[in-house]
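Remarks on the overall topology
Listed here are the chains, written in short residue letters.
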Amino acid sequence: MLNRRIALAAAAAALALGVSAPALAQADGTLRLIVPYAPGGSSDRVARIVGDRLGAKLGQTVVVENKTGAGGRLAAQQVKTSLANQNVLLLANPAIMVVAPLVFKDVGYDPEADFQPVSIVSDYEFGLAVGSAVPVKELSHLLAWLRSNPAQANFGVPATGSLPHFFALMVSDKAKVKGQVVGYRGSGPLMTDLIGGQVPVAFDTLDSLLPQAEAGKIRILAASGARRSSFAPGVPTFREAGLDLAANGWNTFFAPKGMPKAQVDKLAQAIQAVMRDPDTQKLFKDSKLSPVVSSPAQTAAAVKAYRAQWAPVVRQSGYQP
């Protein structure tokens, strides 16, 4: 009864000040981390690793909320329309902040006008893998085999419109191999068909490919980093394998544009402190993801450079959902 009286008094005070009760309810000190994908995936793991430690740094409750749908666009739309006093961050990847606005006529948000970068927390590479039935062990041999067997030039990717999709197109163009991209509903079905021989070649994030490669079920022929991955030191880079290509993806926290700068800076500093922690870094590395410590200014510069790299690739592909 006492709590109800307090709530009613607070609502009355809010109305007297011209503030709506729903807006007041949002300013409860809880930080919400919005994940655009279902629980269990790499984005969800990243958010929960950070979220579990961020609360102690901030001295407040942190909750992770999974808002799925439309390839992550619904989550971005939700955060875009957050009230100015809401404590909310979006954990996004380039598919949401770079690719979607280029291929959809109306995504319901502007990645530059509606959001402000807070902190990159991890990055990841892409890999090219083949099933055990494909008679090659090096990228150059695979390209020669595909040129001799053009009907086999089917490239599986975890989703159409994903970064592995466009990286596959980059490789196809650079290698002068005409390939057909085959989209799947996630990495799980893709790996099943790669292992079973239904698709000969797959492009996916390195963290998704490594478990099957370590089990001896597939072979990773090249990785997209500028240097060899510490998670797969035996796998050459595409440059080492003969194709002058390098690319990566990232998981980055974004705040709605209306969040005050002081609040953004406070959240960014707390996230950076979490990401410097050795235990946090170990958990990321155990998930085959590279931890990153990044300020808002560094994050903004990195996202801008990333858009400049990928926008021409996406546009030239002519891809339409």
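Above this text sits the structure in question.
First things first, this report covers the structure right here in the doc. Along each chain, residue indices are assigned from 1 in the same order as the chain's sequence is written. At least 70 in pLDDT is required for a residue's local features to be given in this predicted model, at least 80 for side-chain atom pairs to be given and counted, and no such filter applies to totals for whole chains, interfaces and linings, which use all residues. To get the side-chain values, all heavy atoms of the structure are used, and hydrogens and water are removed first.

Description of empty space enclosed by the protein
Sizing a probe to match a water molecule and rolling it over the atoms shows the empty space that remains. Definitions used throughout: a 1 Å grid over protein atoms alone; a cavity as a set of points that fits a 1.4 Å probe which cannot get out; a pocket as an open set with protein on both sides within 12 Å along at least five of seven lines; a lining residue as one with an atom within 4 Å of a point. Grid points are joined across faces, edges and corners, and a volume is the space filled by probe spheres set on the points. Within the structure shown, the criterion is met by one cavity of 30 Å³ or more. In this structure, the largest cavity encloses a volume near 50 Å³. Around the largest cavity sit Leu 128, Leu 142, Leu 143, Leu 146, Phe 155, Val 171, Ser 172, Ala 175, Val 177, Val 201 and Phe 203, which together line it. Numbered from the N terminus, helices here are DSSP runs of H or I no shorter than four residues, and strands are runs of E no shorter than two. Those elements giving two or more residues to the lining of the largest cavity turn out to be helix H6 (139–148), helix H7 (163–175) and strand E8 (201–205). Each residue gets one label: Ala, Val, Leu, Ile, Met, Phe, Trp, Tyr, Cys and Pro are nonpolar, Asp, Glu, Lys and Arg are charged, and the others, such as Gly, are polar. Of the residues that constitute the lining of the largest cavity, the class distribution is ten nonpolar, one polar and no charged.

Observations regarding the pairing of strand E4 (residues 115–124)
In regular strands, side chains alternate between the two faces of the sheet. Working definition: with a 1.4 Å probe on protein chains only, accessible area under 20% of the residue-type maximum means buried, over 50% means exposed, and in between means partly exposed. In terms of burial, E4 is largely enclosed, as eight of its ten residues are buried. In this analysis, strands are considered paired if DSSP registers two or more bridges between them. As defined by bridge partners, E4 adjoins strand E10 (residues 249–256) across eight bridges and the pair is classed as antiparallel. Note on E10: the bridge partner recorded for Ile 120 is Thr 252.

With respect to the environment of Ala 223
Along the chain, the position of Ala 223 falls in strand E9 (residues 218–223). Looking at Ala 223, the relative accessible area reads 4%, which means it is buried. Sequence separation between Ala 223 and Ile 34 is 189 residues, and the spatial gap between their C-alpha atoms is 30 Å. Those residues in contact with Ala 223 that sit more than four places away from it in its chain are Glu 125, Phe 126, Gly 127, Leu 206, Val 235, Pro 236, Thr 237 and Phe 238. The contact rule is simple, with two residues in contact once any of their heavy atoms fall within 4.5 Å.

With respect to the packing of aromatic side chains
Each Phe, Tyr or Trp ring (for Trp, its six-membered ring) is paired with any other whose centre lies within 6.5 Å, and the angle between the two planes then decides the class: stacked below 30 degrees, edge-to-face above 60, tilted in between. Inspection of every chain in the model, using the stated rule, returns eleven aromatic pairs. Between the aromatic rings of Trp 250 and Phe 254, the centroid separation amounts to 6.3 Å while the plane-to-plane angle is 50 degrees, which identifies the pairing as tilted. For Trp 250, a relative accessible area of 3% puts it in the buried group. A network of ring pairs unites the aromatic residues Tyr 124, Phe 126, Phe 155, Phe 167, Phe 203, Phe 238, Trp 250, Phe 254, Tyr 306 and Trp 310 as a single cluster. Both a distance and an angle decide whether a charge sits over a ring: NZ of Lys or CZ of Arg must be within 6 Å of the ring centre and within 35 degrees of the ring normal. Positioned over the ring face of Phe 104 is Arg 73, at 3.7 Å from the centre of the ring.

Quick notes on unusual backbone geometry
The phi dihedral of Ala 70 is positive, around 55 degrees, even though this residue is not glycine. Since its relative accessible area comes to 35%, Ala 70 is described here as partly exposed.

A short note on the layout of surface pockets
Taken as a whole, the largest pocket holds about 840 Å³ of empty space. Residue lining of the largest pocket: 39 residues in total, with Tyr 37, Asn 93, Ala 95, Ala 159 and Ser 162 positioned closest to the centre. Those elements giving two or more residues to the lining of the largest pocket turn out to be helix H3 (42–58), helix H5 (94–103), H7, E8 and helix H9 (206–214). Ranked by residue count, the leading element in the lining of the largest pocket is H5, at four residues.

Focus on H7
Here H7 contains 13 residues, and its C-alpha end-to-end distance of 18 Å stays within 8% of the 18 Å for a straight helix at 1.5 Å per residue. Within H7, ten of the 13 residues are buried, which leaves it mostly tucked inside the rest of the structure. Buried within H7 are the following residues: Leu 163, Pro 164, His 165, Phe 166, Phe 167, Ala 168, Met 170, Val 171, Ser 172 and Ala 175. One or two steps after H7, the chain reaches Lys 176, where phi turns positive at roughly 60 degrees. Take the number of residues in a helix, subtract one, and multiply by 1.5 Å to get its expected span.

Things to note about the packing of helix H8 (residues 187–196) against H9
Running from amino to carboxyl end, H8 crosses H9 at an angle of 40 degrees, the nearest separation of the two axes being 11 Å. In terms of orientation, H8 lies oblique with respect to H9. Between H8 and H9 the crossing geometry is right-handed. From H8, Ser 187, Met 191 and Ile 195 reach across to H9, where they touch Ser 208, Leu 209 and Gln 212. Residue composition of the contact of H8 with H9, by class: three nonpolar, three polar and no charged. Geometry is summarised by axes, namely lines fitted to C-alpha atoms with helices restricted to the contacting stretch, and by angles between N-to-C directions that run from 0 to 180 degrees. Small angles under 35 degrees read as roughly parallel and large ones over 145 as roughly antiparallel, with 65 to 115 read as roughly perpendicular and the rest as oblique. Crossings are assigned a handedness: left-handed for a near helix turned anticlockwise from the far helix by less than a right angle, right-handed for a clockwise turn.

Observations concerning the nonpolar core
Residue types Ala, Val, Leu, Ile, Met, Phe, Trp, Tyr and Cys, when buried and joined through side-chain atoms within 4.5 Å, form a set referred to as a nonpolar core. Residues Leu 89, Leu 128, Leu 142 and Trp 310 are the most contacted members of the largest nonpolar core, which totals 84 residues. Dropping the residues within four chain positions of it, Trp 310 is found in contact with Val 98, Phe 126, Leu 163, Phe 166, Phe 167, Met 170, Ala 247 and Asn 248. Of all hydrophobic cores here, the second largest spans 16 residues; its members include Ala 129, Val 199, Ala 202 and Ile 220.

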